[in-house]
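# Structural characterization, general
The chain contents come next:
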Amino acid sequence: MTTAENNMESEEKGYEGVQTPLRRFLSDFCEAKLAVVGFFTILAIALVAIMAPFIAPTDPYDLATVSVLDSRLAPGEAMMNGTTAHLGTDGAGRDMVSAMIYGLRISLGVGIGSGLIAMLIGISFGLLSAYAGGKIDSIFMRIVDIQLSFPAILVALVLLVTLGKGVDKTIIALVVVQWAYYARTIRGTALVERRREYIESAVCLGLSKNRIMFRHLLPNCLAPMIVVGTMQIAHAISLEATLSFLGLGMPQTEPSLGRLISNGFEYILSGKYWISVYPGIALLVTIVSINLVGDRLRDVLNPRLQK
Amino acid sequence: MSVFIIRRLMQSALVVVIMSFIVFSGVFLVGDPVEILVSDDADQEEREMMIKSMGLDKPFLVQYGIFISKAIRGDLGDSFVFQEPALLLILDRMPATMELAVVALLIAIVFGIPLGVWAGLKPESLASKSIMTGSILGFSLPTFWVGIMMILLFAVVLGWLPSTGRGDVQIILGMPISVFSWDGFSHVLMPAVNLALFKLSMVIRLARAGTREVMHQDYIKFARAKGLKEQRIILVHVLKNILIPVVTVLGLEFGGLVAFSVVTETVFAWPGMGKLLIDSIGLLDRPIIVAYLMIIVFLFVLINLLVDICYSILDPRVRLQDIKS
C-alpha cells in the first residue's frame, strides 16, 4: 500500500500541500462503504487465521482428542469430551469450528503465499521483458500468451496430478498458473513508463540496468500490480478450494476449506448440511471481501478516474 | 490472407507438438501402471512380460516417439481400466459435456445481456445496483460450492430437481441429447445454471460497460434527435454495438466452459468427459488422462486459430502487422 501512496505523492506534492496523499487515498477508499466493510472483514479473518491455535476450541489435527464417536454431530450437540460443537462435527469427528479456523489458515496461507511468489516471478520477467525489448520480449510474451490461452484450472490440475498432494505442491501449481498474469500486467505498464523522461535521465546518468529497472521503473509500475495482486489472491484461494474439492491439492490430514466442503459433500444427500455449508460460507466471505477491496482499489488507483 | 493462415496453422501445429511433449512427460511420472494392471499374486516373470508388452521398458524418448506416431494415426492408447481405446471412450462422453457447455452458454447470453443492458441504462437505480452486486457474487462464489448448495436446496430440501445423472436421452442427428425431454431437461437445468454463473456475471459486466459507453455516442443522440422510440434505440442501435465484444469474449470463453465443466460434472455426476478425467486421475489411468489433455489442447488451439482468422478478416491491420514482424 505504501508504494502506491509514494507513487501518488510524486505526482501531487506540487499543488496539493494541505492534503497528504495518504489521507486522500484513505478518504477516496472509504467513500465506498462496502469496501471498508470488506477490508475490516479481511483483517478479522486474517487475525483469526493467525491466532488459530489460541482461538480454536479443539485441535483438529490432534488424533488423540479427535474421536470417530463424535462424527457427524448436528450443530449444538455436545461432543464426547464435553465441549459443544456449535457448528456440528465432520465425518472424522472434528469440531467444525476448529476445523474451519485451521482450514482458513491453510486456504489463506496458500492463496497469499502463492500470490506473492507469483508476483515476484511475474515482476522479474515482466520488467526484464519490457526493459530488454526485442527478441527476449517476444519470446517471453509468446510463452505468456500460450499459457494464458489454457484455462488455469486445467494447468493446475495437470501439475497436481504430476506432483501429488501437499501444501508445497499446491503452492507450486498456483504459482505456475498465476505468474503470467503479473508478467503481462507489469510489462504493459512498464512499456509506457519506460518512455518517460526520468528513465531517460537515469540512463544519461549512467546508472546500471538493474538499478534503473528496480529502483526507478518498478516503483512507478506498482499501482496496477496491487490491484491485480488482490484479485489474483482471491482467485488463488478459490482455485485451491476447487482443486482440493476435486481430490487434488491439500491432503486429507491438513484439510483446507475446500477439502472440508468436499468431505461434507458425501453426506449432503442425507441432509447433513453443516459439514459443507459452513466452510463454504467462510470461503465465500473471504473471497467476496477481498474482491470488494480489490474492486475499490482499482477505482481509487486508476489515474484516469481521479478527479 | 493465405500466407497469414498458413503461418498461423504452423504456429498452432508447433504448440500442439510442444504441449503433447509437456503432457506426456508430466503424466509419464504419474503412478506405476504395472501396479494397477498386474494382479497381486503375479510372479516376477509375468510382471516382466507385462512391462515388455506395454513398451514400458523402453527409454522415455522412445516411448514418446511411439506415442506420437500412434497419435498421428488417431490412436491415443488403450485405457488400463476399461481396456478400450482411450480416444473412443472420451469421444463417447463428449456430447454430454458439449451439451452442458452449450446450454450454459445460452443461459449466460439470454439472461446476461438484458440484465447488463438494464444496469447500463439506469446505473443509479436500486435494481441495477443489486444486479452489479450479484455479479460480484457470481465472480466470487466457488462454482463447486454453489453446485452443492443447489443440490441441497433443490434436490434435498425441496425435492424439485434430480441431483445426479443425465436422465432420458434422445438420439438427435446421431448424438444423444437430453434437453428435449422433460426428464432430460430437469437433469440438465441445475448443472447448466451452475456452470453458467461465472460467465453470466461476465456477460452482465461486459454488457453494462458497453451500454454505458454506447449511450454517449453521437449516433445515439442522432437517433434520439430523429425522434426514434427509446425501444428501437435500445434494441437496434445499442444492442448491435455491444454485441461485438460480448460475442468475441464468449467465443474465446467457450473452451473455458468445457474445461470448467470438470468441476460441475463432478458435483452433479454428469457423465461427461470431465467426470471421466477426474475418475481416471483417481484410478491412475494414464492413457485417458493423456488423451483428454490432448483433445483439450487441440480444442483450444483450434478455437484460438479460428478467433485469430476471424479477427484478421474483420480487421486487416492484424494481418498486416503479423506479416511485417
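In case you missed it, the structure is sitting above this.
One structure accompanies this document, and this report is about it.

Conventions adopted
Every residue gets a number counted from 1 within its own chain, in the order that chain's sequence is written. Lettering for chains starts from A, numbering for ligands starts from 1, and both go in the order in which the items are written. Note on the predicted model: pLDDT of at least 70 is required for a residue's local features to be given, and 80 or more for side-chain atom pairs to be given and counted; whole-chain, interface and lining totals, by contrast, use all residues. The basis for every side-chain value is the complete set of non-hydrogen atoms in the structure, without hydrogens or water. The secondary structure listing takes helices from DSSP runs of H or I that are at least 4 residues long and strands from runs of E that are at least 2 residues long, numbered from the N terminus. Shrake-Rupley sampling with a 1.4 Å probe provides the accessible areas, and residues are treated as covered by the protein chains on show and by no other component. Whether a residue is buried, partly exposed or exposed follows from its accessible area with a 1.4 Å probe, protein chains only, as a fraction of its type maximum: under 20%, in between, or over 50%, in that order. We call two residues contacting when some pair of their heavy atoms lies within 4.5 Å. Each of two parts loses accessible area, computed with a 1.4 Å probe, when they are put together; buried area is these two losses added. By salt bridge we mean one thing: a side-chain nitrogen of Lys or Arg within 4 Å of a carboxyl oxygen of Asp or Glu. We define a polar contact as two N or O atoms separated by no more than 3.5 Å, with the added condition that, inside protein, one atom must be a possible hydrogen donor and the other a possible acceptor, whereas residues neighbouring each other in sequence contribute only through side-chain atom pairs. Note on method: axes are straight lines fitted to C-alpha atoms, helices fitted across the in-contact stretch only, with angles between N-to-C directions ranging 0 to 180 degrees. Put simply, angles under 35 degrees are roughly parallel, angles over 145 are roughly antiparallel, angles from 65 to 115 are roughly perpendicular, and the rest are oblique. The crossing is said to be left-handed when, going from far helix to near helix, the turn is anticlockwise and less than a right angle, and right-handed when the turn is clockwise. Residues are grouped as follows: Ala, Val, Leu, Ile, Met, Phe, Trp, Tyr, Cys and Pro are nonpolar; Asp, Glu, Lys and Arg are charged; every other residue, Gly included, is polar. What makes a nonpolar core is a set of buried Ala, Val, Leu, Ile, Met, Phe, Trp, Tyr and Cys residues whose side-chain atoms join them at distances within 4.5 Å. Exposure above 30% relative accessible area and no salt bridge define the residues that can form patches, which grow by joining like charges within 9 Å and nonpolar side chains of Val, Leu, Ile, Met, Phe, Trp and Tyr within 5 Å. A residue counts as positive if it is Lys or Arg and as negative if it is Asp or Glu; His and the chain ends are not included. Charged side chains are reduced to one point each, which is NZ for Lys, CZ for Arg, CG for Asp and CD for Glu.

Broken down by element type, chain A carries 13 helices and 0 strands. Reading chain A from its N terminus to its C terminus gives the helix and strand order α-α-α-α-α-α-α-α-α-α-α-α-α. Taken as a whole, chain A presents about 14200 Å² of accessible surface, with 65% of it coming from carbon and sulfur.

So, on to the overall build of chain B. Helix and strand content of chain B: 13 helices and 2 strands. Out of the 325 residues in chain B, the part that is buried amounts to 45%. Long-range contacts, defined as pairs at least 24 residues apart, comprise 72% of the intrachain contacts of chain B with a sequence gap of at least 6. Summing over all exposed atoms, chain B offers an accessible surface of approximately 16800 Å²; the carbon and sulfur share of this is 68%.

Often the size quoted for an interface is simply the accessible area lost on bringing the parts together. Counting residues at the interface gives 36 residues for chain A and 37 residues for chain B. Area buried by chain A at its contact with chain B is led by Phe150, Leu154 and Val161 of chain A, which between them contribute 17% of it. Where chain A touches chain B, the interface holds 0 salt bridges. Across the chain A-chain B interface, the total number found is 3 residue pairs in polar contact (both at pLDDT 80 or more).

A word on the packing of helix α5 (residues 96-132) of chain A against helix α13 (residues 274-301) of chain A. All names here are of chain A. Put simply, α5 and α13 touch, their axes get as near as 11 Å, and they point 40° apart. Between α5 and α13, the angle is such that the two are oblique. Viewed along their axes, α5 and α13 form a crossing whose handedness is right-handed. Residues Met96, Met100, Leu104 and Leu108 of α5 form the contact with α13, whose own contacting residues are Trp274, Ile275, Tyr278, Pro279, Ala282 and Thr286. Grouping the constituent residues of the contact of α5 with α13 by class yields 9 nonpolar, 1 polar and no charged.

Leu157 of chain A together with Phe144 and Tyr292 of chain B are the most contacted members of the largest nonpolar core, which totals 155 residues. Sequence-distant contacts of leucine 157 of chain A, defined by excluding residues within four places in its chain, comprise Leu243, Leu246 and Leu248 of chain A together with Leu277, Ile278 and Ile281 of chain B. Within the second largest apolar cluster, 10 residues are counted, among which are Phe25, Ala223, Ile226 and Val300 of chain A.

What follows covers a nonpolar patch on the surface. A surface patch of nonpolar side chains, amounting to about 500 Å² of accessible area, comprises Val102, Leu106, Ile109, Val110, Phe111 and Leu115 of chain B. For isoleucine 109 of chain B, the location among the structural elements is in helix α5 (residues 86-121).

Attention now goes to a negative patch on the surface. Negative charge collects at one region of the surface, where Asp43, Glu45, Glu46 and Glu48 of chain B lie side by side. Secondary-structure assignment places glutamate 45 of chain B in helix α3 (residues 44-53).

Residue and element names in this part refer to chain A. Counted according to the given criterion, the structure contains 7 salt bridges over all chains. Notably, a salt bridge pairs arginine 187 with aspartate 137, separated by 2.7 Å at the nearest N-O pair. Of this pair, arginine 187 sits in helix α8 (residues 167-194) while aspartate 137 sits in helix α6 (residues 134-148), and the two are 50 residues apart along the sequence.

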